[in-house]
Amino acid sequence: MLLDYLQNEYPMNVPIFMGDIEARLGMQAASVRQSFKRLVDRGVLARFAAGIYYFPQPSKIFKSVPLDIEKVIFNKYIEYKGKTIGYYTGITLANIVGLTTQIAAEKCIATNEEKSRGRVVNVKNRRFRLKKPRMVVNAENRDALMILDLVSEAMKYSEYSADETAARLRNYARGRNVSKEVIVNCLSAYPGKTSKLLLEMRIYDV
């Protein structure tokens, strides 16, 4: 029974993506859609957005605790059920690292869930820019890919001099504790200039 499966797999206030259920259980989209609608009508499930549902957590103040949109996006595109599938990139990553104070209108994410070179999705009136990563993302290479993305685009977003930008990137790379071997394994997916920048910024030194 679908409800039993969902209750066993998903705690309260954890996003449930209808498309994943179709794939996992081998059910027809129409059948899953009807089943979800019945559960929503009964008040068992709550609908967050198109194709996204959750078991609502009761609240003393509100009818239920609202689902956090950042949690939804993280689960959908960055880490799904403990499996690493993406990471923040572009100006979003540059802001996180401290290279810029600019905040983009849409957060940028490289994710295995995206097959195009770039598109914008809207969730609850929030915009997110998704793109296919240069190689399949996993727990072992995610930090290396983030470092290489930063090196490739640092001066595009940085508000600092080249020397200060390089120093900040070295400090970031040091904190991620990524081996040179993993960096080298990922380099084949990047243009030659990235390897040159790695040397110029002395990222290998850390």
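Above this text you will find the structure in question.
First, a word on what this report is: a plain description of the structure on this page. (Residues numbered from 1 in each chain as written. Predicted model: local features only at pLDDT ≥ 70, side-chain atom pairs only at ≥ 80, totals over all residues. Heavy atoms only, no water.)

1. Examining the overall build of the protein chain
To keep it simple, the criterion reads: Only runs of H or I of at least four residues qualify as helices and only runs of E of at least two qualify as strands under DSSP, and these elements are numbered from the N terminus. Type-normalised accessible area, obtained with a 1.4 Å probe on protein chains alone, sets the label of each residue: buried when under 20%, exposed when over 50%, and partly exposed for intermediate values. Working rule for contacts: check all heavy atoms of both residues, and any pair within 4.5 Å makes them a contact. Working definition of accessibility: Shrake-Rupley area with a 1.4 Å probe, residue cover restricted to the visible protein chains. Only four residue types enter the tally: Lys and Arg on the positive side, Asp and Glu on the negative side; His and the chain ends are excluded. A charge is said to be at NZ when it belongs to Lys, at CZ for Arg, at CG for Asp and at CD for Glu.
Secondary structure assignment for the protein chain yields nine helices and 11 strands. Considered along the principal axes of its C-alpha atoms, the protein chain spans approximately 60 × 35 × 30 Å. Relative to its 206 residues, the protein chain shows a buried fraction of 42%. For the protein chain, restricting intrachain contacts to residue pairs at least 6 apart in sequence, the fraction spanning at least 24 positions comes to 56%. If you sum the accessible surface of the protein chain, you get close to 11600 Å²; carbon and sulfur atoms cover 50% of it. Across the protein chain, the centroid of the 33 positively charged side chains sits 5 Å from that of the 21 negatively charged ones.

2. Description of the pattern of salt bridges
For clarity, the threshold we go by: The salt bridge criterion pairs a side-chain nitrogen of Lys or Arg with a carboxyl oxygen of Asp or Glu, the two atoms within 4 Å.
This model, assessed by the stated rule, comprises 11 salt bridges. One salt bridge connects glutamate 106 with arginine 129, and the closest N-O pair in it is separated by 3.2 Å. Separated by 23 residues along the polypeptide, glutamate 106 in the loop between helix 5 (90–97) and strand 9 (107–111) and arginine 129 in strand 11 (residues 126–131) bring together distant segments of the chain. Looking at arginine 129, the relative accessible area reads 34%, which means it is partly exposed. One salt bridge in this structure joins arginine 119 and glutamate 114, with 2.6 Å as the shortest N-O distance. Judged by relative accessible area, which is 38%, arginine 119 ranks as partly exposed. Taken together, the shared-partner salt bridges in this structure form one network comprising Glu70, Lys107 and Arg126.

3. A word on empty space enclosed by the protein
What counts here: Cavity and pocket criteria rest on a 1 Å grid covering protein atoms alone: a 1.4 Å probe that fits but cannot get out defines a cavity, protein on both sides within 12 Å along at least 5 of 7 lines defines an open pocket, and an atom within 4 Å of a point defines a lining residue. Grid points are joined across faces, edges and corners, and a volume is the space filled by probe spheres set on the points. In the scheme used here, Gly and all other residues not listed as nonpolar or charged are polar, with Ala, Val, Leu, Ile, Met, Phe, Trp, Tyr, Cys and Pro taken as nonpolar and Asp, Glu, Lys and Arg as charged.
Tallied over the entire structure, the rule returns one cavity of 30 Å³ or more. Of the voids in this model, the largest cavity is the one considered here, and its volume is about 40 Å³. Taken together, Thr89, Gly90, Leu93, Ala94, Leu99, Asp149, Leu150, Glu153, Ala154 and Tyr157 form the lining of the largest cavity. For the lining of the largest cavity, the secondary-structure elements that each account for two or more residues are helix 5 and helix 6 (142–157). Sort the elements by how many residues they give to the lining of the largest cavity and helix 6 lands first, with five residues. Here the residues of the lining of the largest cavity sort into six nonpolar, two polar and two charged.

4. Some remarks on the sheet that holds strand 2 (residues 46–49)
As a reminder of what qualifies: Note on pairing: two strands pair once DSSP finds at least 2 bridges between them.
Spatial strand order, 1-3-2: three strands in an open sheet with antiparallel pairing. Since the sheet does not close on itself, it has two edges, and those belong to strand 1 (16–17) and strand 2, each with one partner. Pairing between strand 2 and strand 3 (residues 52–54): three bridges, direction antiparallel. Across the sheet, the residue bridging to alanine 49 is isoleucine 52, located in strand 3.

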